[in-house]
Amino acid sequence: MIRYEDATKRYGAGPPALDRLTLDVPAGETCVLVGPSGGGKTTALKMVNRLVEPTSGRVLIDGRDVASTDPVTLRRGIGYVIQQVGLFPHLDVAANVATVPRLLGWERRRIDARVDELLDLVGLEPATYRHRRPDELSGGQRQRVGVARALAADPPILLMDEPFGAVDPVTRARLQDEFLRLQRTLRRTVVLVTHDIDEALRLGDRLAVLATGGRLEQYGTPADVLARPATPFVAGFVGAGRTLRRLDLLAATDALAPSGPTPGARGPAVGPTATLADVMAALLTSDAAAVRVVDDGSARGIVTLDSIRAALRADGEP
């Protein structure tokens with residue numbers, strides 16, 4: 001677990017860049033630091049691996065103050081992914097991914113196996129990509145190599161600073177999907193920085209909404225932040241479309257109509273993992289008054305506009 005205890009950073013005599021940040025990031029979860037420029041997001045991220053030292057307060061990993069750990073030793077145990085990737089241009093993909101294992105003194109055979117394992121994990125065929133140089137890769141491929149390099153020594157913590165901000169929207173969505181797939185498999189403790197609320201809602205188990213001056217305005221699950229903004233700043237940052245965004249966070253099974261499945265019912269159907277956004281799309285593209293939720297051929301129930309409204313109210317919609 002990562003814990004911030006009144007972590008504050010000042011540069012000179014001016015106002016703080018980060019102001020008394022206090023929160024816990026549970027092991028195996030993704031905490032997204034989100035907010036406008038000047039909110040102290042990257043400052044907070046870099047405190048974890050001591051690229052930035054707090055002026056006051058502290059940051060702990062599993063109960064130990066990071067200030068008590070040698071910075072080089074600390075950083076070798078933490079994966080770090082940045083927006084511009086930062087691959088070594090004179091090294092091929094395999095050598096880039098192997099950077100930290102080499103520094104840790106791993107034997108060659110173990111390194112080679114780890115490189116191939118990670119390239120396969122991030123969706124890059126080892127036989128095709130391990131000997132390519134960074135300038136022979138697309139932006140999305142370079143970002144995947146950056147993630148593989150960050151995971152090379154199997155760190156329990158992964159820090160990601162605007163990791164998908166430098167690629168086009170289609171590639172960005174694919175990389176987000178890849179990150180979610182990896183996190184479901186690996187369950188690392190992740191701190192991720194973004195200014196994009198939609199990305200934050202999609203990737204985070206918890207969101208820390210920071211305002212200018214590094215003030216923590218709200219810390220909670222995406223559903224809580226959308227349904228119950230703690231301050232006017234959070235409500236404004238999330239935006240007027242927050243109800244629509246909540247449809248992506250609620251499952252179709254959260255809004256089953258109380259009448260249950262209708263025998264012999266026809267019309268559009270969705271699976272049990274579908275979101276309410278999927279249900280709304282099915283309703284809007286058909287003449288049906290309800291969408292069936294089907295699991296392995298068996299009807300779980302139906303979702304209607306009324307049951308969607310009820311689910312939103314139950315989840316905190318005023």
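Just above, that's the structure.
Predicted, not measured: the structure shown is a model, and the values here were computed from it.

Thresholds, definitions, all that
Residues numbered from 1 in each chain as written. Predicted model: local features only at pLDDT ≥ 70, side-chain atom pairs only at ≥ 80, totals over all residues. Heavy atoms only, no water. Helix = DSSP H or I, 4+ residues; strand = E, 2+ residues; numbered from the N terminus. Contact = heavy atoms within 4.5 Å. Areas by Shrake-Rupley, 256 points an atom, 1.4 Å probe, with all protein chains shown as cover. Lys, Arg positive; Asp, Glu negative; His and termini not counted. Charge placed at Lys NZ, Arg CZ, Asp CG, Glu CD. Core = buried A, V, L, I, M, F, W, Y, C linked by side-chain atoms within 4.5 Å. Buried < 20%, exposed > 50% of the residue type's maximum accessible area, 1.4 Å probe, protein only. Salt bridge = Lys/Arg side-chain N within 4 Å of Asp/Glu carboxyl O. Axes fitted to C-alpha atoms, helices over the stretch in contact; angles between N-to-C directions. Parallel < 35°, antiparallel > 145°, perpendicular 65-115°, else oblique. Left-handed = near helix turned anticlockwise from the far one by under 90°. Nonpolar A, V, L, I, M, F, W, Y, C, P; charged D, E, K, R; others polar. Expected span 1.5 Å × (residues − 1). Arc of directions from axis to C-beta. Phe/Tyr/Trp six-rings, centres within 6.5 Å; stacked < 30°, edge-to-face > 60°. Lys NZ or Arg CZ within 6 Å of the ring centre and 35° of its normal.

Peer 1: Can you tell me about the overall build of the protein chain, naming the residues and giving the values?
Peer 2: In terms of helices and strands, the protein chain carries 14 helices and 13 strands. In terms of overall dimensions, the protein chain has a C-alpha envelope of 65 × 55 × 35 Å along the principal axes. Restricting the contact set of the protein chain to residue pairs at least 6 apart, pairs at least 24 apart contribute 65%. Accessible area of the protein chain: about 15,000 Å², with a carbon and sulfur share of 51%. Distance from the positive charge centre (40 side chains) to the negative charge centre (39 side chains) of the protein chain: 3 Å.

Peer 1: I'd like a rundown of the nonpolar core, residues and numbers included.
Peer 2: Ranked by size, the top nonpolar core spans 43 residues in total, and within it Val97 and Met160 carry the most contacts. Not counting the four nearest positions on each side in its chain, valine 97 is found in contact with Val115, Leu118, Leu119, Val145, Ala148, Arg149 and Ala152. Residues Ile2, Leu18, Leu21 and Leu23 belong to the second largest nonpolar core, which totals 25 residues.

Peer 1: Tell me about the pattern of salt bridges, residues and numbers included.
Peer 2: A side chain with one charge may pair with a side chain of the opposite charge, provided their charged atoms come close. Scanning all chains against the criterion turns up 20 salt bridges. Between arginine 206 and glutamate 29 there is a salt bridge, and its shortest N-O distance comes to 2.6 Å. On the criterion of sequence distance, the pair formed by arginine 206 in strand 9 (residues 206-211) and glutamate 29 in the loop between strand 2 (18-25) and strand 3 (30-34) is long-range, its members being 177 residues apart. Assessed through its relative accessible area of 27%, arginine 206 is described here as partly exposed. For the salt bridge of glutamate 53 with arginine 50, the shortest nitrogen-to-oxygen distance reads 2.7 Å. On the basis of relative accessible area, glutamate 53 is assigned to the partly exposed category, the value being 32%. Classification of arginine 50 by relative accessible area gives buried; the value is 16%. Through salt bridges with shared partners, a single ionic network connects Arg114, Glu117, Asp154 and Arg188.

Peer 1: Residue-level account of the packing of helix 7 (residues 139-151) against helix 8 (residues 169-186), with values.
Peer 2: Remark: helix 7 packs on helix 8, axes separated minimally by 10 Å, with the N-to-C direction vectors making an angle of 20°. Relative to helix 8, the element helix 7 is oriented roughly parallel. Handedness of the helix 7/helix 8 crossing: right-handed. Only Thr171, Leu175, Glu178, Leu182 and Leu186 of helix 8 make contact with helix 7, whose side of the interface consists of Gly140, Gln143, Arg144, Val147 and Leu151. Here the contact of helix 7 with helix 8 is built from residues that sort into 5 nonpolar, 3 polar and 2 charged.

Peer 1: Explain helix 8 residue by residue, including any values.
Peer 2: Helix length check: helix 8, at 18 residues, gives a terminal C-alpha distance of 25 Å against a target of 26 Å (1.5 Å per residue), a fit within 8%. Those residues of helix 8 not exposed but buried are Thr171, Arg172, Leu175, Gln176, Glu178, Phe179, Leu182 and Gln183. Along the axis of helix 8, the buried positions cluster into a sector of 165°, meaning they face one direction only. Those residues of helix 8 that are exposed and angled more than 90 degrees off the buried face are Pro169, Val170, Arg174, Arg184 and Thr185.

Peer 1: Please provide a residue-by-residue account of unusual backbone geometry, values included.
Peer 2: Located in the positive-phi region is arginine 20, a residue other than glycine, with phi close to 50°. Within the element layout of this structure, arginine 20 appears in strand 2. Residues other than glycine seldom take positive phi values, yet arginine 50 does so here, at roughly 65°.

Peer 1: Tell me about the packing of aromatic side chains, and name the residues and values.
Peer 2: The geometry of an aromatic ring pair comes down to the distance between the two centres and the angle between the two planes. Per the counting criterion, the structure on display carries 1 aromatic pair. Between phenylalanine 233 and phenylalanine 237, the aromatic rings sit 6.1 Å apart at their centres with planes inclined by 10°, giving stacked as the arrangement. Taken together, the positions of phenylalanine 233 and phenylalanine 237, both in helix 11 (residues 232-238) and 4 residues apart, correspond to about one turn of that helix. In this structure, lysine 9 is placed above the aromatic ring of tyrosine 11, and the distance from its NZ or CZ to the ring centre is 5.2 Å. When the ring centre of tryptophan 106 is taken as origin, the NZ or CZ atom of arginine 110, which lies over that ring, is 3.6 Å away.

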